[in-house]
Amino acid sequence: MIQQGVIGPVYLDGKAIAARVTEMGREITQDYEGGNLLLLSVLKGTVFFMADLARAVSLPLEMDYVAISSYQQDHDVPGASNIQITKDAGMPLFDKDVLVVEDIIDTGLTLYYILRFLAAKQPRSLEVCTLLDRPYRRLVDLDVRYRGFTVPDTYFVGYGFDYRQLHRNLPHLAELNV
Ligand code: 5GP
């Protein structure tokens, strides 16, 4: 009831998301066999994606979390966003195959900052897995190894994605009605 109004049409239902996450998990399982996989998710938009993806990977793996705060002055100007790590990984990364788990990559500025921060810790490998991507919005060059869906320039809520910290708990991805 309280979610009526701002929640628009369903973009991806829970079943479609689950099917794609299962495929991504299979791919990761093949690619990281014999490795030292650490899924490192960026809070909080990835909470459900991380939980589902981790269970779709049939390998021993570690899970950890980083948190950021981002104060964006102008979304379209490189360097205009002020990003800070508010929670660091809780372990050394030097011997790990780190797979950064993201909710969505838009300009790429957030992830660019996070990758630079993590690369300094000298992991054995460092790759990116994102549920959603808007590659046509990119302002910086990034290699994205695993991508769930390429999406239009619409604001999404649900399945971990918030609007003003609400609606993360919707089981599907919806467009925002504002
Ligand atoms: P970037 O730094 O790539 O421009 O922005 C990425 C971040 O912006 C994401 O991690 C996410 O926090 C936020 N973001 C971008 N698009 C959306 C969206 O459609 N919905 C929500 N809830 N957050 C978004």
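You'll find the structure just up there.
My aim in this report is to walk through the structure given alongside it, one point at a time. (Residues numbered from 1 in each chain as written. Predicted model: local features only at pLDDT ≥ 70, side-chain atom pairs only at ≥ 80, totals over all residues. Heavy atoms only, no water.)

**Some thoughts on the pairing of strand β5 (residues 97-105)**
Definition in use: Only protein chains enter the calculation, and the probe is 1.4 Å; a residue is then buried if its accessible area is under 20% of its type maximum, exposed if over 50%, and partly exposed in between. By the criteria applied, helices consist of DSSP H or I runs no shorter than four residues and strands consist of E runs no shorter than two, each listed in order from the N terminus. Only when DSSP finds a minimum of two bridges between them are two strands counted as paired. Crossover handedness is defined here as right-handed if the route from the first strand over the helix to the second strand goes clockwise, with the strands pointing away from the viewer.
Within β5, nine of the nine residues are buried, which leaves it mostly tucked inside the rest of the structure. Pairing of strand β2 (residues 37-43) with β5, which is carried by five bridges, proceeds in the parallel orientation. Following the sheet pairing, L38 is matched in β5 by V98. Bridging between β5 and strand β6 (residues 125-133) involves eight bridges; their strand directions are parallel. Bridge assignment links L99 to a residue of β6, and that residue is E127. For the crossover from β5 across helix α3 (residues 109-119) to β6, the handedness is right-handed.

**Description of the site of the ligand**
Note the cut-off: Only heavy atoms are used to decide nearness, and a residue is near a molecule or strand if one of them lies within 4 Å of it. Any pair of N or O atoms that falls within 3.5 Å is considered a polar contact. Within protein, one atom must be able to donate a hydrogen and the other to accept it, and sequence-neighbouring residues count only if both atoms are side-chain atoms. Accessible surface is estimated by sampling points in the Shrake-Rupley manner with a 1.4 Å probe; for residues, cover comes only from the protein chains shown. Here the term charged refers only to Asp, Glu, Lys and Arg, the term nonpolar to Ala, Val, Leu, Ile, Met, Phe, Trp, Tyr, Cys and Pro, and the term polar to all other amino acids, Gly among them.
Around the ligand, a shell composed of 16 residues is seen, among which D103, D106, T107, G108 and T110 lie nearest. Within the contact set of the ligand, an oxygen atom lies 2.5 Å away from a side-chain nitrogen or oxygen of T107. Here an oxygen atom of the ligand sits 2.8 Å away from a polar atom, N or O, in the main chain of G108. For the ligand, whose accessible area on its own is 520 Å², the fraction buried by protein is 86%. Among the elements of the structure, β5 and α3 are those that each provide at least two residues to the shell around the ligand. The greatest single-element share of the shell around the ligand, amounting to four residues, is contributed by β5. Grouping the amino acids of the shell around the ligand by side-chain chemistry returns six nonpolar, five polar and five charged.

**Concerning the sheet that holds strand β9 (residues 173-176)**
Across the sheet, which stays open at both edges, the three strands sit in the order β1-β9-β8 with antiparallel pairing between neighbours. Looking along the sheet, the strands with just one partner apiece sit at the ends: β1 (7-12) and β8 (156-157).

**Topic: the nonpolar core**
In plain terms, the rule: Side-chain atoms within 4.5 Å are what join buried Ala, Val, Leu, Ile, Met, Phe, Trp, Tyr and Cys residues into a set we call a nonpolar core. For this analysis, residues touch if any pair of their heavy atoms sits within 4.5 Å.
I28, F49 and L132 are the most contacted members of the largest nonpolar core, which has 28 residues in total. Contributions of two or more residues to this core are made by α1 (14-31), β2, α2 (47-56), β5, β6 and β7 (146-150). Considering each element in turn, this core owes the most residues, five residues, to α2. Beyond its immediate sequence surroundings of up to four residues, F49 is in contact with V21, M24, V101, E102, C129, T130, L131 and Y159.

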